[in-house]
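Structural overview
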Amino acid sequence: MSTLVFQNPFSTRFVQPGAIPWLATDISLRAVLFRLYDVDNRAIICGPHGSGKSTILSHLASVAQREGLKVHCLRIRSWIDAIRVMRVFATINPKQSLVSVDSWELLGFLGWFLCQFADFRGLCVVVTVHERPWWNNWPVLLHTKADDKTFRLLVHELMTKYAGSKTIEFSGAMLRDVFQRHSGNLREGFFELYDHYERQSRIPFSRK
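Attention in this report is confined to the structure presented alongside it.

Criteria and thresholds
- Residues numbered from 1 in each chain as written.
- Predicted model: local features only at pLDDT ≥ 70, side-chain atom pairs only at ≥ 80, totals over all residues.
- Heavy atoms only, no water.
- Helix = DSSP H or I, 4+ residues; strand = E, 2+ residues; numbered from the N terminus.
- Expected span 1.5 Å × (residues − 1).
- Buried < 20%, exposed > 50% of the residue type's maximum accessible area, 1.4 Å probe, protein only.
- Arc of directions from axis to C-beta.
- Contact = heavy atoms within 4.5 Å.
- Polar contact = N/O pair within 3.5 Å; in protein donor to acceptor, adjacent residues only side chain to side chain.

Glancing now at helix 5 (residues 109-121). The end-to-end C-alpha distance of helix 5, which contains 13 residues, comes to 19 Å, matching closely the 18 Å that a straight helix rising 1.5 Å per residue would cover. For helix 5, every residue scored as buried is listed here: Gly111, Leu114, Cys115 and Ala118. Viewed along the axis of helix 5, the buried residues span an arc of 110°, placing them on a single side of the element. Residues of helix 5 that are exposed and angled more than 90 degrees away from the buried face: Phe109 and Phe120. Buried residues in helix 5 make contact with strand 1 (42-46), helix 4 (79-91) and strand 4 (125-129). Positive backbone phi, approximately 70°, marks Gly122, located one or two places after helix 5.

Written as structure tokens, this is what we have:
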């Protein structure tokens with residue numbers, strides 16, 4: 001008896017930053033990159049947990065690469081990552097590079113020093129924060145806030161791309177409920193849909 005293998009559209013590899021589809025808005029990512037140049041090359045992307053900050057940052061880095069910039073993608077998890085940021089800030093060519101830093105606010109007061117250093121060197125830097133830290137006066141490049149429509153569109157894109165011939169469907173009411181219970185956190189919503197998809201995928205086999 002053959003075993004049917006399916007892909008769960010909400011697996012981490014499909015919904016992680018850079019992998020999740022970019023939905024066109026009233027402004028293109030290329031336009032966002034040019035807006036960065038207009039604000040002296042340093043800015044923040046601000047928004048609550050799971051609102052798409054890391055995804056936008058990842059896609060923006062890809063656009064910068066296509067524009068010929070050398071991109072350095074960093075994420076703050078511990079003091080070791082702070083050392084990496086300092087090393088990159090100190091060694092890159094300001095005119096040919098872009099640095100993206102996720103979870104910037106975790107740097108604490110050290111972030112103030114790095115802001116001053118980036119300003120001094122004229123670096124091109126985009127960072128993500130949940131709320132603007134008091135020590136960072138860079139302008140806000142984008143505010144991210146997910147809505148119910150965006151969540152449903154992303155679910156449709158993921159199902160279309162990865163579910164294949166599977167006939168599993170989620171009602172609009174169910175998706176609205178998931179979105180609202182997670183307070184607009186797309187990441188947590190996808191985690192819940194992963195479990196729903198797993199259960200529904202096995203229903204036909206349990207009845208045989």
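What follows continues from the structure just given.
Attention now goes to the side chain of Arg42. Here Arg42 is to be found in strand 1. Residue classification places Arg42 among the buried residues on the basis of a relative accessible area of 11%. A distance of 2.6 Å separates the side chain of Arg42 from the side chain of Asp119, its partner in a polar contact. Separated by 2.6 Å, the side chain of Arg42 and the backbone oxygen of Leu123 make a polar contact. Contact partners of Arg42, with chain neighbours within four places excluded, come to Leu36, Ala118, Asp119, Gly122, Leu123, Val125, Trp138 and Pro139.

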